[in-house]
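Spelled out, the chains give:
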Amino acid sequence: MQRPSVFRRLGWALGIRCPNCGRRKIFKRWFRMDKQCGNCHLIFERMPGYWVGAMIINFAVTAGAFLLMLIVGMVVTWPDVPWTTLTFVGLAIGALMPVVAFPWSRTIFAALELAVRPTEPGDFALDD
Ligand SMILES: [Zn+2]
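All of these numbers come straight from a predicted model, not from anything done at the bench.

Q: Any chance you could break down helix α4 (residues 102-116) for me, citing the residues and the numbers?
A: Helix length check: α4, at 15 residues, gives a terminal C-alpha distance of 22 Å against a target of 21 Å (1.5 Å per residue), a fit within 8%. Of all 15 residues that make up α4, 11 are buried, and the element is covered over most of its length. In this structure, the buried residues of α4 make contact with α1 (6-14), β1 (27-29), β2 (32-33), α2 (52-77) and α3 (83-100).

Following this line, the structure appears as C-alpha cells:
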C-alpha cells in the first residue's frame, strides 16, 4: 500500500481523523483519544512521551493566537490601547485555546510524525 502524502495526512488530521488511514471517530470524548485506530490498528502513542510533541503544537497555537490578538488589538486601537481589556482577552485565550485545540494538536502532531518516521510492524496492534 502506498503511503499517504504529508498533505493528505494533515487533511485527515484537520478533520480529527486517523493520520494513517483517515478513519473518523478516533476520539471517544474531546480529551479521550482511542489507544489505536479501529481500521488500520495503528497504536497512536508510538513511544513513551509521544504526546509531548502535541503539547508543543498546542502551546505554539495558543501563543500564536495570543500574539495575533495582542498585535491586532494594539494596531486597531492605537494610541489609546485598552490594556486591561487586552489582558483579560489574553487570559481567556490562554485558558480556552489549549482546550479547544487539544484534539487537533494530537492528530496534527501524529500526522507530522508519521510523515517523518514511517510506521513499522510494531506500531500496529495485533487485535482489537
Ligand atoms: Zn487508521
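Q: Can you lay out the layout of surface pockets for me, pointing to particular residues and giving the numbers?
A: Any empty space left between the atoms is revealed when a probe the size of a water molecule rolls over them. A volume near 230 Å³ is recorded for the largest pocket. The wall of the largest pocket is formed by Lys28, Arg32, Met33, Asp34, Lys35, Gln36, Ile43, Phe44, Glu45, Trp51 and Arg106. Taken together, the residues that form the lining of the largest pocket break down as 4 nonpolar, 1 polar and 6 charged.

Q: Explain α1 to me, using residue names and the numbers behind them.
A: When α1 is considered as a whole, its buried residues turn out to be Arg9, Trp12 and Ala13. Seen from one end, α1 has its buried residues packed into an arc of 100°, which puts them on one side. Away from the buried face of α1 by more than 90 degrees, exposed residues Phe7, Arg8 and Leu14 are located. Residue Ile16 follows α1 closely and has a positive phi angle near 55°.

Q: Describe a nonpolar patch on the surface, naming the residues involved and giving the relevant values.
A: Residues Phe66, Leu67, Ile71 and Val75 make up a contiguous nonpolar surface patch of roughly 380 Å² in combined accessible area. One can find Phe66 in helix α2. For Phe66, a relative accessible area of 33% corresponds to the partly exposed category.

Q: Could you give an account of the nonpolar core, naming the residues involved and the relevant values?
A: When a protein is soluble and globular, its nonpolar side chains tend to lie buried together. Among the nonpolar cores identified, the biggest contains 20 residues, and Cys18, Ile26, Phe27, Met33, Phe44, Trp51 and Phe109 are the most heavily contacted of them. Secondary structure elements with two or more residues in this core: α2 and α4. With 6 residues, α4 is the single largest residue contributor to this core. Non-local contacts of Phe109, meaning those with residues more than four positions away in its chain, are made with Tyr50, Trp51, Gly53, Ala54, Ile57 and Trp104. Counting residues in each nonpolar core, the second largest holds 5 residues, with Ala65, Val81, Leu86 and Ile93 among its members.

Q: So what's going on with the coordination of the zinc ion? Which residues, and what values?
A: Around the zinc ion, the protein contributes the donor atoms Cys18 (SG), Cys21 (SG), Cys37 (SG) and Cys40 (SG), at 2.2 to 2.3 Å from the metal centre. Considering all 4 donor atoms around the zinc ion, angles at the metal cover 103 to 116° and the coordination shape is tetrahedral. Written as a sequence motif, the donor arrangement for the zinc ion is C-x2-C-x15-C-x2-C. The exposure class of Cys37 is buried, given its relative accessible area of 0%. The class of Cys40 is buried, set by a relative accessible area of 17%.

How each quantity is defined
Each chain carries its own residue numbering, running from 1 in the written order of its sequence. Only residues with pLDDT of 70 or above have their local features reported here, since the model is predicted, and side-chain atom pairs are shown and tallied only from 80 upward, although totals for entire chains, interfaces and linings are computed over all residues. Calculation of side-chain values draws on the structure's entire complement of heavy atoms; hydrogens and water are dropped beforehand. Helix and strand assignments come from DSSP, with helices taken as H or I runs of at least 4 residues and strands as E runs of at least 2, each series counted from the N terminus. Given the number of residues in a helix, its expected span is that number minus one, multiplied by 1.5 Å. The rule is simple: take the accessible area with a 1.4 Å probe, protein chains only, and divide by the maximum for that residue type; under 20% is buried, over 50% is exposed, in between is partly exposed. Throughout, a contact is declared for two residues whenever any of their heavy atoms are within 4.5 Å. As defined here, a cavity is a set of points on a 1 Å grid over the protein atoms alone where a 1.4 Å probe fits but cannot get out. A pocket is an open set with protein on both sides within 12 Å along at least five of seven lines, and residues line them when an atom is within 4 Å of a point. Grid points are joined across faces, edges and corners, and a volume is the space filled by probe spheres set on the points. Gly is put with the polar residues, along with every residue not named as nonpolar or charged; the nonpolar set is Ala, Val, Leu, Ile, Met, Phe, Trp, Tyr, Cys and Pro, and the charged set is Asp, Glu, Lys and Arg. Along the arc lie the directions from the helix axis toward the C-beta atoms. Patch definition: residues with relative accessible area over 30% and no salt bridge; like charges joined within 9 Å; nonpolar side chains (Val, Leu, Ile, Met, Phe, Trp, Tyr) joined within 5 Å. For the accessible areas, the method is Shrake-Rupley and the probe is 1.4 Å, while residue cover comes only from the protein chains on display. The term salt bridge refers to a side-chain nitrogen of Lys or Arg lying within 4 Å of a carboxyl oxygen of Asp or Glu. Joining through side-chain atoms within 4.5 Å is the link that ties buried Ala, Val, Leu, Ile, Met, Phe, Trp, Tyr and Cys residues into a set, and such a set is a nonpolar core. Metal sites are built from N, O and S donor atoms within 2.8 Å, or 3.2 Å for Na, K and Ca, and they leave out water, so they may look incomplete. Geometry assignment treats four donors as tetrahedral when all angles are between 85 and 135 degrees, treats four as square planar and six as octahedral when opposite donors are over 155 degrees apart and all others between 65 and 115, and treats everything else as irregular.

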